[in-house]
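Summary of structural features
Okay, here's what each chain looks like letter by letter:
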Amino acid sequence: MKWAATVGRVKGTVMDDEAIRRALTRIAHEIVERNKGADGLVLVGIVRKGDTLAQRLSSAIGELEGTTVPVGRINPARHRDDLHIRPAAIDGMDSELPDINDRTVVLVDDVIWHGRTIRAAMDALIELGRPRAIQLAVLVDRGHRELPIRPDYVGKNVATSADEMIYVCLKEFEELDRVVVIK
Amino acid sequence: MAVGSRLRHVIESQQFSRSLLEELFARSEEIKREPHKFMGRLNGQVMAALFYEPSTRTRLSFEAAMLRLGGQTMGTDNAREFSSAAKGETLEDTIRIVGGYADVIVIRHNEEGAAKRAAAVSSVPIINAGDGPGQHPTQALLDIYTIKDELNRVDGIKVAMVGDLANGRTVRSLTYLLSKFKDIKIWFVAPPAVAMRDDLKAHLDEHHVPWVETEDLESVLPEVDVVYMTRIQKERFADLDAYNAVKGIYRIDPRSLALMRKYAIVMHPLPRIDEIAPEVDDDPRAAYFRQARNGLPVRMALLDRLLS
């Protein structure tokens, strides 16, 4: 597993490819049920992996509803609250959004931890428009929140200790779909 | 035996508090993720399996759980025919004797209440692995764990229990456990001859869990998150005609899958006879083999909790 060597020692797998697929199917259903259809929805992924997951959710919703849900991506780097200690290592991808005004935006990310990235993403989003509502979908919720933010849709809650990392591998980046714990 | 403190015997689902369940599931999760951490945990301890009724998977999964934790196992199949029970020894005496050899006794018996009787005289923990039509609490633990693992929640789920609900101890145990969670709704789908017994319905009413009784599976399928199939238990029918009248009445096939929600799951405590068509196995919603696999980490967590 070449990707693992770069981040640490893999302690164990928490989701395999099938589990990831089932979780995304379920989240797609939950989004549609909660919003009574797909009309007026926009999926916005947080770069980079949330972006990929948003694409997958959009096709899953498309399969269910027979409509295309617009997808965008948001780069929250400039809105981070730790820029003064960790100057922006802003990775290349710029935000790219369809019209979000008066739409229900479902923010999508791979992992939620302290909640700070989501806060930054919401700020970045609101700078670019005024959504009717913002909801949050994540593949993994690993707990340890530091802000009053709670996802509306969760693939899996994984109990972690602070010194562990959750790493989401996606085919588009690592040639396989898997969620692992790394220490 | 409330609040995650002391766990002595495992006799019935009702005894598990929500916090104890959560503790066990967190442990199961950890075992699944990092099994090597639990090697040798129960070194030198011995589990006795007393099976008065046939079982392969429950027994093997308990033995595998004990072995993987570093313990040893011994036991007897067909305890009814081949143990001193055949000579007329009471269950109570057998338990007193075996308790002198083992650190934990896993018992399956054909009579409802047998595990409770065993626990009353046992010097070591008793685990009920099925007592006639009574209960099968460890199956219910792994069932709830599976629901949580598959759907990421137990609160708020809608469950259809299908098949032999009068004789099915797994559905009884599972229903008791479900009543500990919030906003559960249950459909009992069964022919009147094997309908859910009144004691459990009264229990649900007491705990304000809404339930519906029906014979029509098709109308329920689009509504639920979990379809829990069970086998009509031929061995518990006194009269073969009565069995023939209800056998094969419910079956999940590709047509039923089409009616179900795309993320809903099909569970079955196994063995299945014809309740689930083999074509269903390849559908991602077929959760029964994953459910069976969960027996191992959950039973490991339970043994670890009782013995270490």
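Attention here is on the structure that accompanies the text.

1. Quick notes on the overall build of chain A
The number of helices and strands found in chain A is five helices and eight strands. The dimensions of chain A, computed from C-alpha atoms along their principal axes, are 45 × 40 × 30 Å. The 183 residues of chain A split such that 43% are buried. Here the analysis covers contacts within chain A between residues at least 6 apart in sequence; of these, 70% occur between residues at least 24 apart.

2. Here's the deal with the overall build of chain B
Each helix and strand counted, chain B has twelve helices and nine strands in total. Against the 2.2 N^0.38 benchmark of 19 Å for 308 residues, chain B shows a C-alpha radius of gyration of 19 Å, consistent with a compact globule. For chain B, the C-alpha atoms occupy an extent of roughly 55 × 45 × 40 Å along the three principal directions. By the burial criterion, 46% of the 308 residues in chain B qualify as buried.

3. What to know about the pairing of strand 8 (residues 226-229) of chain B
Residue and element names in this part refer to chain B. Residues Val226 and Tyr228 of strand 8 are buried on one face, and the alternating residues Val227 and Met229, pointing to the opposite face, are buried as well. Bridge count between strand 5 (residues 158-162) and strand 8: four bridges; the pairing is parallel. By the bridge assignment, valine 162 is partnered in strand 8 with methionine 229. In the sheet, strand 8 pairs with strand 9 (residues 265-267) via three bridges, with the strands oriented parallel. Paired with valine 226 across the bridge in strand 9 is isoleucine 265.

4. Things to note about the sheet that holds strand 7 (residues 211-214) of chain B
Residue and element names in this part refer to chain B. Pairing in this open sheet of five strands is parallel, and the strands run 7-6-5-8-9 from one edge to the other. Since the sheet does not close on itself, it has two edges, and those belong to strand 7 and strand 9, each with one partner. On average, each strand axis in the sheet is tilted by 20 degrees relative to the strand beside it, whichever way the strands run. Where strand 6 (residues 185-189) meets strand 7, four bridges bridge the pair, whose relative direction is parallel.

How each quantity is defined
- Residues numbered from 1 in each chain as written.
- Chains lettered and ligands numbered in written order.
- Predicted model: local features only at pLDDT ≥ 70, side-chain atom pairs only at ≥ 80, totals over all residues.
- Helix = DSSP H or I, 4+ residues; strand = E, 2+ residues; numbered from the N terminus.
- Buried ≥ 20, exposed ≤ 12 C-beta atoms within 10 Å, placed from the backbone.
- Contact = placed C-beta atoms within 7 Å.
- Rg over C-alpha atoms; globule rule 2.2 N^0.38 Å.
- Pairing = 2+ DSSP bridges.
- Axes fitted to C-alpha atoms, helices over the stretch in contact; angles between N-to-C directions.

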